[in-house]
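What the coordinates show
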Amino acid sequence: MTPKIGIIGGSGLYNMPHLSDRVEQTIKTPWGDPSDAFLLGNLEGRAVAFLARHGRGHRIMPSNLNFRANIYALKSLGVQWILSFSAVGSLRENLKPLDFCIPDQFFDRTRGRASTFFDEDIAVHVGFADPVCSTLADVAEEACKQAGVTVHRGGTYCCMEGPAFSTRAESLAYRSWGFDVIGMTNLQEAKLAREAEMSYVTIAMVTDYDCWHPEHADVTVEQVIAYLTENAEHARMVAAEAVKRIPEGDSPFSSAIRNAIITDRSKISEASKEKYRLLIGKYL
């Protein structure tokens, strides 16, 4: 059965033990290797593909993630809906550790990461004003409620470079700019998912108050790990509730780049047509 649902596990979420009929699959892509082998199986009666974003054992830093390979591989498996779990710091008093947030906007503070598939021989300018699929966001919100997790809908995810955490000056600046949570991974995934015509939502799992909060100690790895462990179990519960509610049909973004290809089709080389066939073959 084709897995139309993809789950990307962030820090602390390296496995989905509740998957039945599990099969491990390694995938090669034109952009190299994904973070790890995919776990394919059934969750709540739905076919699912799971990927540990940082690799099992957390081997890959945010700046070194092969985002293109990860998203392309999910596309090649037939995935149309992506639930992306991500550990984040909170920039708001009301977003407490162990709360979940479903942001609807992103702000890029990374430096030169690859965030498009179309880096040669073809120009594609996809619309990205609303980077999150509202259908999936609805699903994720209800799943959190059903799982008993405190959830906050909306807000802006600031994607920083890392791997060091913020300075206090940066943290205070991000708060003053109106951002709500801060992480190191999800913006590139969201952009590439849109280019791959897939629905995407971030389920941001709060582990700390970054370093802005005067009454909380600065973020430490020990503190983050303690909350990651608890958040991981919550994430598995939310994932199970979410997959039951994801529509059976196609993603509403299944033709997102139909009118985004600027390049004259006659100028696209045969090599590029082959490289991008999975992504734009139906438009050539």
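Details of the structure are given in the entry above.
What comes next concerns the included structure. What you are looking at is a predicted structure, and each value in this text was computed from that prediction instead of being measured.

This next bit is on the environment of I5. With respect to the helices and strands, I5 occurs in strand β1 (residues 5–9). Separated by 78 residues in sequence, I5 and L83 place their C-alpha atoms 7.7 Å apart. If sequence neighbours within four positions are ignored, I5 has contacts with R46, A47, V48, A49, V79, W81, V243 and I246.

A few words now on the nonpolar core. By size, the foremost hydrophobic cluster in this structure holds 82 residues, and its most contacted members are I7, L83 and F85. Ignoring any residue separated from it by four or fewer positions in sequence, one finds L83 in contact with G6, I7, I8, L136, V201, I203, A242, V243 and I246. The next biggest cluster of nonpolar side chains, apart from the first, holds 9 residues, and it includes L91, M160, I182 and Y209.

Cis geometry marks the peptide bond from G162 to P163; its omega dihedral reads 0°. For P163, the location among the structural elements is in the loop between β9 (156–160) and α3 (168–176). For D21, which is not a glycine, the phi torsion comes out positive at approximately 55°. Following the sequence through the fold, D21 ends up in strand β2 (residues 20–25). Accessibility expressed as a relative area gives 59% for D21, which makes it exposed. The backbone of L98 sits at a positive phi, close to 85°, despite the residue not being glycine. Structurally, L98 is set in the loop between β5 (81–90) and β6 (100–102).

Quick look at the side chain of E189 now. Position of E189 among the secondary structure elements: in helix α4 (residues 186–195). We classify E189 as buried; its relative accessible area is 1%. Polar contacts involving the side chain of E189 include one to the side chain of S84, which spans 2.8 Å. Not counting residues within four places of it along the chain, the set of residues in contact with E189 comprises I8, R53, F67, I71, S84 and Y200.

Under the definition given, this model contains 13 aromatic pairs. Aromatic pair F107 and W177: ring centres 6.1 Å apart, planes at 55°, arrangement tilted. Here F107, found in strand β7 (residues 105–109), pairs with W177, found in the loop between α3 and β10 (181–183); they are 70 residues apart in sequence, far enough to count as distant. Ring plane angle 75° and centroid distance 6.5 Å describe the contact between F117 and F118, whose orientation is recorded as edge-to-face. With a relative accessible area of 0%, F117 lands in the buried category. One residue, R175, lies across the ring of W212, its end atom 3.7 Å from the ring centre. The ring of F253 has R194 sitting right over it, with the charged end atom 4.0 Å from the ring centre.

Our focus in this paragraph is the environment of F67. The topology assignment puts F67 in helix α1 (residues 67–77). For F67, a relative accessible area of 4% corresponds to the buried category. Counting along the chain gives 118 residues from F67 to T185, while the straight-line C-alpha distance between them is 8.8 Å.

Tallying each qualifying case throughout the model produces 21 salt bridges. When the shortest N-O distance is used, the salt bridge between R236 and E233 registers 3.4 Å. With R236 and E233 both in helix α5 (residues 221–245), this residue pair falls 3 residues apart, about one helical turn. You can call R236 buried: its relative accessible area is 15%. A salt bridge links R277 to E274; the nearest nitrogen and oxygen atoms lie 3.2 Å apart. What makes R277 partly exposed here is its relative accessible area of 45%. Salt bridges sharing common partners tie together E24, D36, R56 and R59.

Thresholds applied
For every chain, the first residue of its written sequence is number 1, and the numbers climb from 1 along that sequence. The predicted origin of the model limits local features to residues at a pLDDT of at least 70 and limits the giving and counting of side-chain atom pairs to 80 or more, whereas totals for whole chains, interfaces and linings rest on all residues. Think of the side-chain values as coming from all heavy atoms in the structure, minus any hydrogens and water. Here a strand is any run of E in DSSP of at least two residues, a helix any run of H or I of at least four, and the numbering for each starts at the N terminus. Should any heavy atoms of two residues lie within 4.5 Å, those residues are counted as being in contact. Among buried residues, those of type Ala, Val, Leu, Ile, Met, Phe, Trp, Tyr and Cys that are joined through side-chain atoms within 4.5 Å constitute a nonpolar core. Only protein chains enter the calculation, and the probe is 1.4 Å; a residue is then buried if its accessible area is under 20% of its type maximum, exposed if over 50%, and partly exposed in between. By the criterion applied in these results, polar contacts are pairs of N or O atoms within 3.5 Å in which, for protein atoms, one can donate a hydrogen and the other can accept it, and in which residues neighboring in sequence qualify only through two side-chain atoms. Centres within 6.5 Å make a pair out of two Phe, Tyr or Trp rings, where for Trp the six-membered ring is used; the pair is then stacked when the planes are under 30 degrees apart, edge-to-face when over 60, and tilted otherwise. Two thresholds decide whether a charge sits over a ring: the Lys NZ or Arg CZ must be within 6 Å of the ring centre and within 35 degrees of the ring normal. Salt bridges are defined by distance alone: a side-chain nitrogen of Lys or Arg within 4 Å of a carboxyl oxygen of Asp or Glu.

Everything listed here is a matter of coordinates, which is why it stays silent on function.
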